[in-house]
Structures are given as structure tokens and as C-alpha cells.
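Architecture and fold: a report
Single-letter residue listing:
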Amino acid sequence: MRPSELYPEDLVFAHEAEEATGVPKAVIRQWASRGRIQRFQGDARQYSGQGHEYKTMYALPEIQQQAVTYRPTPRRAPKAA
């Protein structure tokens, strides 16, 4: 998806994408680092003091496309001692 195809309301922070799609923020950041989705520079001045998650924005349509195939990894049961 090209940036020219996006509307300003399509760009969201990781916590907003998590609320909209149910995909954890860590998975969204992992997809971006592996090149499955694009990351965009957010306006950090507007959200100063809020942490690193407010400096990077993601395209919600791309996350929604990837969320269709997302399956959470089951956690292992603790081993008996």
C-alpha cells in the first residue's frame, strides 16, 4: 500500500490498532520490522512524555489485512516439578 492511498484517519498508533483489530502491539511491531506492514513517523511533539509507542504510526488497512490470517500462539502449560 502506497502512502498516497491512505487517508489521515487511516494512520494509527500501535495501541489504537490493537483496540481496533485485537492483534497485540508486539505483533504489530514485529510485522513492521519484518516488512509485512509499513511504519510511518508520528508527531512526537504532540504526545511528548508518552513513550516510544506514540512516535510510530501504522496504516490500519494494512494491519486489518494481516489480522485476517493472525492466530495467537498458544502458551505452554507449566511443567510439573
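This text follows the structure it describes.
So, a few notes on the structure that sits alongside this text. (Residues numbered from 1 in each chain as written. Predicted model: local features only at pLDDT ≥ 70, side-chain atom pairs only at ≥ 80, totals over all residues. Heavy atoms only, no water.)

Focus on the overall build of the protein
The criterion, for reference: Counting from the N terminus, the helices are the DSSP runs of H or I reaching at least four residues and the strands are the DSSP runs of E reaching at least two. Categorising residues by exposure relies on relative accessible area from a 1.4 Å probe, with only protein chains included: less than 20% of the type maximum marks a residue as buried, more than 50% marks it as exposed, and the intermediate range marks it as partly exposed. Any two residues whose heavy atoms approach within 4.5 Å at even a single point are treated as in contact. Accessible surface is estimated by sampling points in the Shrake-Rupley manner with a 1.4 Å probe; for residues, cover comes only from the protein chains shown.
When helices and strands are tallied, the protein shows 3 helices and 3 strands. Buried positions account for 31% of the 81 residues belonging to the protein. Counting only contacts in the protein whose residues sit at least 6 apart along the sequence, the fraction spanning at least 24 positions is 63%. Put simply, the protein shows about 6,200 Å² of open surface, and 48% of that area lies on carbon and sulfur atoms.

Points about the side chain of Q66
Rules: Each polar contact in these results corresponds to two N or O atoms within 3.5 Å; when the atoms are within protein, one needs to be able to donate a hydrogen and the other to accept it, and residues that are neighboring in sequence are counted only if both atoms are side-chain atoms.
Position of Q66 relative to the elements: it lies in helix α3 (residues 60-67). Note on Q66: relative accessible area 18%, which makes it buried. Of note is the side chain of Q66, whose polar atom sits 2.7 Å from the side chain of R36. Q66 has contacts with W31, R36 and I37, leaving out every residue within four places of it along the chain.

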